[in-house]
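# Per-entry structural report
Below, each chain spelled out in residue letters.
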Amino acid sequence: MAKYKRTHMCGELSLNNLGEEVSLTGWVQKSRDLGGLLFIDLRDRTGILQVVFNKDIDPQLFEIAQKVRGEYVIHVSGKIGARAENAINKRMKTGYIEVLANDLTIISKAETPPIYIEDDLNVSENLRLKYRYLDLRRPVMQNIFFVRHRVNKLIRDYFDKNGFIEVETPVLTKTTPEGARDYLVPSRVQPGKFYALPQSPQLFKQILMVSGFDKYYQIVKCFRDEDLRADRQPEFTQLDMEMSFVDADDVMNIIEGLMKDVFISIKNQDISLPLPRMTYKEAMERYGSDKPDVRFGLELKDLSDILKDSEFKVFSDALKNGGCVKAINAEGCGGKLSRKEIDALGEFVKTYRAKGLAWMNFTEEGLKSPIAKFLKEEEISSIIERMNAKTGDIIFIVADNKKVVYDSLGQLRLELARKFNLIDENKIGLLWVTEFPLLEYDEEEKRYVAMHHPFTSPMDEDIELLDTEPLNVRAKAYDIVLNGYELGGGSIRIHDSEIQQKMFNLLGFSKEEAWKKFGFLLEAFKYGTPPHGGLAIGMDRLIMLLTGTDNIRDVIAFPKTQSASCLMTDAPSIADEKQLAELKLKFEKEE
RNA sequence: GGCCCAGUAGUUCAGUUGGUUAGAAUGCCAGCCUGUCACGCUGGAGGUCGACGGUUCGAGCCCGUUCUGGGUCGCCA
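Counting of residues starts from 1 at the beginning of each chain's written sequence and follows it residue by residue. Each chain is given a letter, starting from A, and each ligand a number, starting from 1, according to the order in which they appear as written. In view of the model being predicted, local features appear only for residues whose pLDDT reaches at least 70, and side-chain atom pairs are presented and counted only at 80 or more, with totals across whole chains, interfaces and linings using the full set of residues. With hydrogens and water stripped out, all remaining heavy atoms of the structure feed into the side-chain values.

Rules: UniProt positions are given in the numbering used here, feature names are shortened, and annotations may be inferred rather than shown by experiment.
The name an unreviewed UniProt entry gives chain A is Aspartate--tRNA ligase, with Lutispora thermophila DSM 19022 as the organism. Listed in UniProt under the heading Function (unreviewed entry), the comment for chain A reads: "Catalyzes the attachment of L-aspartate to tRNA(Asp) in a two-step reaction: L-aspartate is first activated by ATP to form Asp-AMP and then transferred to the acceptor end of tRNA(Asp)." Within the UniProt record for chain A, the comment given under Catalytic activity (unreviewed entry) is "tRNA(Asp) + L-aspartate + ATP = L-aspartyl-tRNA(Asp) + AMP + diphosphate".

## Re the packing of aromatic side chains
The cut-off we apply is this: Centres within 6.5 Å make a pair out of two Phe, Tyr or Trp rings, where for Trp the six-membered ring is used; the pair is then stacked when the planes are under 30 degrees apart, edge-to-face when over 60, and tilted otherwise. Strands here mean DSSP runs of E at least two residues long; helices mean DSSP runs of H or I at least four residues long; both are numbered from the N terminus. Throughout, exposure labels follow a simple rule: accessible area from a 1.4 Å probe, protein chains only, divided by the maximum for the residue type, with under 20% read as buried, over 50% as exposed, and the rest as partly exposed. The rule for a charge over a ring is simple: NZ of Lys or CZ of Arg within 6 Å of the ring centre, and within 35 degrees of the ring normal.
Going through the model one piece at a time under the given rule, you end up with 15 aromatic pairs. A centroid spacing of 6.2 Å and a plane angle of 90° characterise the contact between Phe455 and Phe504, whose relative ring orientation is edge-to-face. In this pair, Phe455 is assigned in the loop between strand 19 (447-450) and helix 13 (465-468) and Phe504 in helix 14 (residues 497-507), connecting sequence segments 49 residues apart. Look at Phe504 and Phe509: their rings are 5.9 Å apart centre to centre, the planes differ by 35°, and that puts the pair in the tilted class. For the residue pair Phe504 and Phe509, the accessibility class agrees, reading buried in each case. Pairwise contacts between aromatic rings join Tyr158, Phe159, Phe164 and Tyr217 into one cluster. When the ring centre of Phe296 is taken as reference, the NZ or CZ atom of Arg413 above it lies at 3.9 Å.

## Description of the packing of helix 4 (residues 139-161) against helix 6 (residues 248-267)
Put simply, the rule is: Axes here mean lines fitted to C-alpha atoms, for a helix over just the part in contact, with angles spanning 0 to 180 degrees between N-to-C directions. In what follows, roughly perpendicular refers to angles from 65 to 115 degrees, roughly parallel to angles under 35, roughly antiparallel to angles over 145, and oblique to any angle outside these ranges. Left-handed describes a crossing in which the near helix is turned anticlockwise from the far one by less than a right angle; the clockwise case is right-handed. Note on definitions: a residue-residue contact is assigned when non-hydrogen atoms from the two residues lie within 4.5 Å. For this classification, the nonpolar set comprises Ala, Val, Leu, Ile, Met, Phe, Trp, Tyr, Cys and Pro, the charged set comprises Asp, Glu, Lys and Arg, and every other residue, Gly included, is treated as polar.
The contact between helix 4 and helix 6 brings their axes to 10 Å, and the two run at 140°. In terms of orientation, helix 4 lies oblique with respect to helix 6. As for how helix 4 packs across helix 6, the hand of that crossing is right-handed. Seen from helix 4, the contacting residues are Val147, Arg150, Val151, Leu154, Ile155, Tyr158, Phe159 and Lys161; seen from helix 6, they are Asn253, Ile254, Ile255, Gly257, Leu258, Asp261, Val262, Ser265 and Ile266. Of the residues in the contact of helix 4 with helix 6, the class split is 11 nonpolar, 3 polar and 3 charged.

## Quick word on the UniProt feature "binding site: L-aspartate" (unreviewed entry) in chain A
Quick reminder of the rule: We define a polar contact as two N or O atoms separated by no more than 3.5 Å, with the added condition that, inside protein, one atom must be a possible hydrogen donor and the other a possible acceptor, whereas residues neighbouring each other in sequence contribute only through side-chain atom pairs.
UniProt tags Glu178, Arg224, His452 and Arg493 as "binding site: L-aspartate" (unreviewed entry). Take His452: it is sitting in the loop between strand 19 and helix 13. Excluding residues within four positions of it along the chain, His452 makes contact with Gly489, Gly490, Ser491 and Arg493. By the element assignment, Arg493 lies in the loop between strand 21 (485-492) and helix 14. Polar side-chain contacts of Arg493 include one of 2.6 Å to the side chain of Glu242.

## Considering the sheet that holds strand 4 (residues 73-82)
Selection rule: Paired strands, as defined in this entry, are two strands with at least two bridges between them according to DSSP.
One closed barrel holds the 5 strands; their spatial order is 1-2-3-5-4, and the pairing between them is mixed. With direction set aside, neighbouring strand axes in the sheet form an average angle of 55°. Where strand 1 (residues 21-33) meets strand 4, 7 bridges bridge the pair, whose relative direction is antiparallel. Bridge assignment links Trp27 to a residue of strand 4, and that residue is Val73. Sitting on the sheet, helix 1 (residues 59-67) touches strand 1, strand 2 (37-44), strand 3 (47-54) and strand 5 (97-108), and the angle it makes with strand 5 is about 65°.

Dropping the structure here:
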């Protein structure tokens, strides 16, 4: 029999296998040479099992065992024995048994690895990414990818069961305006022309609806050439889906059912359906975010009416200029914050362009606040009443335009929750945010841009506002939010050509431009288009949240660094002259 | 593009006010050791202090530039 055949996996063996002859393969986690007795901890993807070599029983075999080093790949045969009472290791799943070796083959030697293969690894991410294959040997990492596999499988089973079919869409496709920066791929056959990698299969899935597939889904790679973040990679995976003859509720129902299955299967946690829904307006007003973390309080409260005539110019001026004054009450945190820490929070909100952070600390000795002297008695008492402030509380106030107030207080809310451990990690903060604005105004481009995408349908009751107050038009768009992360989003699409034309007008595209950019879709729409809508879920973020990591790189087998390079392969790299010549590409010299 | 943090044995770190030969733990190598599982004991090897330049009699340490990694703002329909 070949020396790499095995009969069992390490982690699957137990007292039930006592006395059995087994063959095992794997990597050497650790060896302990006691002189006449030698132990090898053998690791495969299922776990670790101890193998024993005894010099008295087989001196030749013992000599081979002494040559074994960490991460060698070996093949071992032997009999499963029970450990003596005093040799049992209760911290190991296989700690009651061991293999009494009668054969050992070194299949492959290994150099001393630059990182240890263990779960509580303390090593720079630099090294983990360069030696990713070693990093991926660690059981915690293997577990992440098993979870990821199980979720993928569950998704395919779920959509199959519900009558969806998976259709693949092109990776080499057409560049589209709007949205993120595209990754471009030069065409050799047609020099000077470029494909773009898809930011999402959006237009293709709509066309599949025109084709009559009715219910489509796909687990698909998407590409966006934007700066990276802890939860953003340039290539990432979406669960993309689209349905015909549906409204928003139908799409949400399907996704809710999926999320329920996922949480039961992966986390053994049930979630009650339907999921809570919150309008965009409410999310912004209460949490200062369109992806609120609803697992804790510290909600924003409006103080604008109380302070509109305030002698404190910071407040009254902000209100005169159409802004607002909002506050959060960090209940019981007043005494826990030093003056230095409060000032640090002031610096923190400046990141989000707040000019300052006003505060009122309700201490045992009374109110301490640098702004109290600018406020009237009745203003202070109204604030106390509105904020429900008690001794021990501290109120933080920001006055500015709405965006700055929402951003800074929304982020301050999260910062305080982190600082004071206010988040119950067992809670599942899963909800829908609905009724997003259809458009926002882009100050740089001096025009409206679609908040979701140009094919998102306005809400029926707001259609008249398209002509008069476009910024107040709400869309049939919905995001699914989990623990403060935007997990996914979607919309019902426009299938009425008149409304579509109106939308293009608002976005500042002439008919010609629209046809140049999206002509293939508009052409398709001419031949019988069912009403349709769908959604896409960020798979990497979902797995991240399911496995409890806060870093998207941990759930991608071969991720990129912040400068979008792969430390293992050293991509991207310089193309050679011949390749460039074939593509008829030349580079300008950097000045 | 902006701001912040980090970079010293294979690894994780310490390194005083700028001063002789840059340390510890762990890992690695060798020897000893028959119930270990963080095995133990003894000994040994191992350094471009990220790179470049400057200040200085003298730089791991001070200054400047730069590279790499991370976080973040802008950006991400």
